[in-house]
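Observations on the model geometry
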Protein chains: 2
Amino acid sequence: MDKIKRNERLAVMTQVLTASPNRIFTLSHFCELFSTAKSTVSEDVAILQGAMRQFGLGQLETVTGAAGGVRYRPIGMKAYSRDFVEMICDKLREENRRLPGGYLYFSDILSDPELVRGMGQLIAGQYYDVGADFVLTMETKGIPVALATAEALRVPMIIARHSTKVYEGSAVNISYVSGSGSIESMALSRRAVKDGQKALLVDDFCRGGGTARGMIELMKEFSVQVVGCCFVLAVESEKQQVMAGEKALMLLSDMRDGADFSIRPADWIK
Amino acid sequence: MDKIKRNERLAVMTQVLTASPNRIFTLSHFCELFSTAKSTVSEDVAILQGAMRQFGLGQLETVTGAAGGVRYRPIGMKAYSRDFVEMICDKLREENRRLPGGYLYFSDILSDPELVRGMGQLIAGQYYDVGADFVLTMETKGIPVALATAEALRVPMIIARHSTKVYEGSAVNISYVSGSGSIESMALSRRAVKDGQKALLVDDFCRGGGTARGMIELMKEFSVQVVGCCFVLAVESEKQQVMAGEKALMLLSDMRDGADFSIRPADWIK
């Protein structure tokens with residue numbers, strides 16, 4: 001193989017690192033890939049760090065120690081700032097999204113790959129330090145954002161179901177009171193998670209918090225600690241706290257009285 | 001802003017292009033971003049094309065014409081070749097995945113972000129030329145792979161539900177015969193898709209093809225043409241054709257007779 005030039009190395013390293021967020025690559029990995037010296041790769045990393053910082057493309061961190069190397073995290077992305085969430089709010093303010101019962105149609109936004117990636121990276125950026133072993137969501141609409149969050153954190157996503165499915169194997173079932181006051185059930189395959197793990201809850205919508213409280217109950221059944229909770233959209237006026245430190249990307253005023261609604265990005269989004 | 005060096009430009013361009021697969025960026029976009037000449041950006045693109053080709057990181061194509069520019073597609077990825085699918089098959093051959101009724105537990109694989117990304121890019125690579133306007137899947141387990149496919153194709157993902165939800169607005173409901181022979185219903189919000197669009201179906205599992213046929217029926221109700229269909233896992237011995245040209249990533253022998261099963265990557269995966 002011809003000697004790889006620095007600009008080619010940087011292009012390849014960028015793609016490899018950003019395609020696997022939060023994964024630590026040893027410098028040796030790149031030394032072998034490019035058959036070049038460690039000192040050279042270190043210089044490459046320094047250049048990448050500067051370029052990503054300058055263009056707001058995330059953080060490239062060098063990790064020291066035995067398991068050390070270099071790691072990319074999509075934190076502080078210029079593309080996914082407050083303006084990004086404000087743009088989504090604008091979409092939600094479009095006419096004809098309002099549905100009976102004080103609901104807002106936003107399934108399209110929850111399954112738009114580009115918006116989902118941005119929302120997931122914004123959420124993940126808040127939870128790199130809590131050591132979540134997986135992201136838990138309740139089917140169905142929150143799955144894409146939960147997956148994007150899990151990808152950015154480099155952990156599995158786990159989906160709680162409304163009922164046990166034959167193809168999930170033996171499961172734990174619980175009942176919970178939904179936001180609308182009805183009794184719902186929630187099921188999770190026994191083999192999906194392990195005792196003592198840590199869970200980050202990600203869901204699309206929170207009004208009364210019933211579903212989220214159900215997920216917390218479900219995690220208790222598995223002796224799993226819930227280390228964080230973030231919703232895409234939460235109703236402000238009604239919202240009772242589900243757990244300490246819970247977050248939402250967007251806050252919505254209650255619309256069930258038929259009043260006009262307001263929607264805004266959460267304050268933590270800069 | 002200081003003048004950006006070529007190696008920094010290449011790193012930034014790589015990240016911008018690969019983060020938005022199948023999106024055409026004009027050269028002017030990068031000229032403005034780097035305040036540099038078009039001829040310089042053209043040289044940068046040529047270098048990137050070579051590096052991506054050499055390391056099997058996908059295709060960077062220059063698109064001519066009024067809406068021309070440069071576009072990245074994750075086609076022929078070295079990381080997501082037949083070996084990748086064979087590795088997933090090995091996981092599926094692990095003990096204790098077999099469930100009653102001839103099912104295989106693979107929910108964990110269907111929501112592993114790294115595996116999902118690879119499966120989605122492999123599927124998308126087969127459908128860049130069919131002009132799908134969206135990827136349709138049926139809740140729940142196929143959603144992650146469908147999303148990854150949609151992201152690689154840069155189209156929305158649409159989720160058909162088992163029943164109408166209040167937060168989806170008015171919907172079209174159909175009944176279909178599931179693989180197990182029971183009558184199921186499938187619902188999709190009226191506003192989710194438009195007359196005359198083209199759909200690519202992506203689902204996690206196919207035994208008799210009942211669900212897929214249901215999705216095709218559902219699309220007829222919306223006057224949407226189904227231009228492709230791909231499953232993550234399909235049962236070979238039972239599989240009746242759902243539509244011409246349908247594909248699967250992996251083929252599974254029937255296990256309902258309690259016999260040992262075999263699983264292999266589909267022949268189209270090189």
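For clarity, every value in this text was computed on a predicted model and none was experimentally measured. (Residues numbered from 1 in each chain as written. Chains lettered and ligands numbered in written order. Predicted model: local features only at pLDDT ≥ 70, side-chain atom pairs only at ≥ 80, totals over all residues. Heavy atoms only, no water.)

Some words on the side chain of Arg161 of chain B
Turning to its location among the elements, Arg161 of chain B is positioned in the loop between strand E7 (157-160) and strand E8 (171-177). Polar contacts involving the side chain of Arg161 of chain B include one to the side chain of Glu139 of chain B, which spans 2.8 Å. The contacts of Arg161 of chain B, once residues within four sequence positions are left out, are Thr140 and Lys141 of chain A together with Met138, Glu139, Tyr167, Glu168, Ser185, Met186 and Ala187 of chain B. (Helix = DSSP H or I, 4+ residues; strand = E, 2+ residues; numbered from the N terminus. Polar contact = N/O pair within 3.5 Å; in protein donor to acceptor, adjacent residues only side chain to side chain. Contact = heavy atoms within 4.5 Å.)

A few points about the environment of Ala199 of chain A
Residues and elements named next belong to chain A. By secondary structure assignment, the location of Ala199 is in strand E10 (residues 198-206). Separated by 32 residues in sequence, Ala199 and Phe231 place their C-alpha atoms 14 Å apart. Contacts of Ala199, omitting those with residues within four sequence positions, involve Ala132, Phe134, Met219, Val224, Gln225, Val226, Val227 and Gly228.

Quick notes on the nonpolar core
Within the largest apolar cluster, 199 residues are counted, with the highest numbers of intra-cluster contacts made by Met119, Met219 and Met250 of chain A together with Met119, Met219 and Met250 of chain B. Beyond its immediate stretch of four places on either side in the chain, Met250 of chain A contacts Val85, Ile88, Cys89, Leu92, Val232, Leu233, Ala234, Ile263, Arg264, Pro265 and Ala266 of chain A. (Core = buried A, V, L, I, M, F, W, Y, C linked by side-chain atoms within 4.5 Å. Buried < 20%, exposed > 50% of the residue type's maximum accessible area, 1.4 Å probe, protein only.)

Side note on the pairing of strand E2 (residues 59-63) of chain A
All names here are of chain A. Judged from the five bridges that link them, E2 and strand E3 (residues 69-73) form a sheet pairing that is antiparallel. Note on E3: the bridge partner recorded for Leu60 is Tyr72. Taken together, E2 and the strand that follows it, E3, pair antiparallel across an intervening segment of five residues, in which Gly65 is found at a positive phi of about 105°. (Pairing = 2+ DSSP bridges.)

Some thoughts on the sheet that holds strand E11 (residues 225-235) of chain B
All names here are of chain B. With mixed pairing, the six strands of this open sheet are ordered in space as E7-E6-E10-E11-E12-E13. Taken across any chain shown, the strands that pair with only one partner, and hence form the sheet edges, are E7 and strand E13 (263-265). Across this sheet, the average inter-strand angle for adjacent strands is 25°, counted without regard to direction. By the bridge criterion, five bridges tie E11 to strand E12 (residues 247-252) in an arrangement that is parallel. Residue pairing in the sheet places Val235 in a bridge with Leu252 of E12. (Axes fitted to C-alpha atoms, helices over the stretch in contact; angles between N-to-C directions.)

Notes on the confidence of the model for chain A
Of all residues in chain A, 99% have pLDDT values of 70 or greater, and the mean over the chain is 94. For this predicted complex, the interface confidence comes out at an ipTM of 0.96, alongside a pTM of 0.97. (pLDDT = per-residue confidence, 0-100.)

Concerning the relation of the copies chain B and chain A
Overlaying chain B on chain A yields an RMSD of 0.0 Å, the required transformation being a rotation through 180° with an accompanying axial translation of 0.0 Å. Those values place the two copies in the arrangement expected of a two-fold rotation axis. Comparing interface residues between copies, 100% of those in chain B also lie at the interface in chain A; the contact surface is shared. (Least-squares fit on C-alpha atoms with pLDDT ≥ 70 in both.)

Focus on the sheet that holds strand E12 (residues 247-252) of chain A
Residue and element names in this part refer to chain A. If you walk across this open sheet you meet the six strands as E7-E6-E10-E11-E12-E13, and the pairing is mixed. Edge positions in the sheet fall to strand E7 (157-160) and strand E13 (263-265), since each of these pairs with one other strand and no more. When the angles between neighbouring strand axes are averaged without regard to direction, this sheet yields 25°. Strand contacts of helix H4 (residues 82-92): E12 and E13, with the helix running at about 165° to E13, the strand carrying the most contacts.

Here's the deal with the interface of chain B and chain A
On the chain A side, the residues contacting the 59 residues of chain B number 59 residues. For the chain B and chain A pair, buried surface summed over both sides reaches about 5000 Å², with 62% attributable to carbon and sulfur atoms. Summed over the shared surface of chain B and chain A, the result is four salt bridges. For Glu114 of chain A, the salt bridge identified is with Arg154 of chain B, shortest N-O distance 2.8 Å. Where chain B packs against chain A, one counts 16 residue pairs in polar contact (both at pLDDT 80 or more). Going through the elements one at a time, helix H1 (6-19), helix H2 (27-34), helix H3 (38-55), strand E5 (103-104), helix H6 (113-124), helix H7 (143-153) and E7 of chain B are the ones with two or more residues in the side of chain B that touches chain A. Element by element, the count of residues in the side of chain B that touches chain A is highest for H1 of chain B, at 10 residues. Grouping the amino acids of the side of chain B that touches chain A by side-chain chemistry returns 34 nonpolar, 12 polar and 13 charged. (Buried area = accessible area lost by both parts, 1.4 Å probe. Salt bridge = Lys/Arg side-chain N within 4 Å of Asp/Glu carboxyl O. Nonpolar A, V, L, I, M, F, W, Y, C, P; charged D, E, K, R; others polar.)

Overview of the environment of Gly56 of chain B
Residue and element names in this part refer to chain B. Within the secondary structure, Gly56 sits in the loop between H3 and strand E2 (59-63). Using a relative accessible area of 17% as the deciding quantity, one classes Gly56 as buried. In sequence terms Gly56 and Pro74 are 18 residues apart; their C-alpha atoms lie 9.4 Å from each other. Filtering out sequence-adjacent residues up to four positions away, Gly56 remains in contact with Gly76, Met77 and Lys78.

A closer look at the packing of helix H3 (residues 38-55) of chain A against H1 of chain B
The contact between H3 of chain A and H1 of chain B brings their axes to 9 Å, and the two run at 60°. Of the possible angle classes, the one that applies to H3 of chain A and H1 of chain B is oblique. Judged by the twist between their axes, the crossing of H3 of chain A over H1 of chain B is right-handed. Side by side, H3 of chain A and H1 of chain B meet where Ile47, Leu48, Ala51, Met52 and Phe55 of chain A of the first sit next to Asn7, Glu8, Ala11, Val12 and Gln15 of chain B of the second. Its residues placed into classes, the contact of H3 of chain A with H1 of chain B shows seven nonpolar, two polar and one charged. (Parallel < 35°, antiparallel > 145°, perpendicular 65-115°, else oblique. Left-handed = near helix turned anticlockwise from the far one by under 90°.)

Topic: the environment of Ser253 of chain B
Residue and element names in this part refer to chain B. Assignment of secondary structure puts Ser253 in the loop between E12 and E13. Residues Ser253 and Lys38, 215 residues apart in the sequence, show an inter-C-alpha distance of 55 Å. Not counting chain neighbours up to four residues away, the residues in contact with Ser253 comprise Val235, Ser237, Asp260, Phe261 and Ser262. Among the polar contacts made by the side chain of Ser253, one reaches the main-chain amide nitrogen of Ser262 at a distance of 2.7 Å.

Re empty space enclosed by the protein
Evaluation of the coordinates by the stated rule reveals one cavity of 30 Å³ or more. As a volume, the largest cavity reaches approximately 40 Å³. Class assignment of the residues belonging to the lining of the largest cavity gives a composition of three nonpolar, one polar and three charged. (1 Å grid on protein atoms, 1.4 Å probe; cavity = no way out; pocket = protein on both sides within 12 Å on 5 of 7 lines; lining within 4 Å. Points joined across faces, edges and corners; volume = space filled by probe spheres on them.)

Let's talk about H3 of chain B
The α-helix winds at 3.6 residues per turn, so residues separated by three or four positions along the chain end up facing the same way. Under the 1.5 Å per step criterion, the end-to-end length of H3 of chain B is 26 Å for 18 residues, consistent within 8% with the ideal 26 Å. For H3 of chain B, the set of buried residues is Thr40, Val41, Asp44, Val45, Leu48, Ala51, Met52 and Phe55 of chain B. Along H3 of chain B, the residues classed as buried sweep out an arc of 140° about the axis, all on the same side. Residues of H3 of chain B that are buried in the fold lie against helix H1 (6-19) and helix H2 (27-34) of chain A together with H1, H2, E2 and strand E3 (69-73) of chain B. Positive backbone phi, approximately 60°, marks Gly56 of chain B, located one or two places after H3 of chain B. (Expected span 1.5 Å × (residues − 1). Arc of directions from axis to C-beta.)

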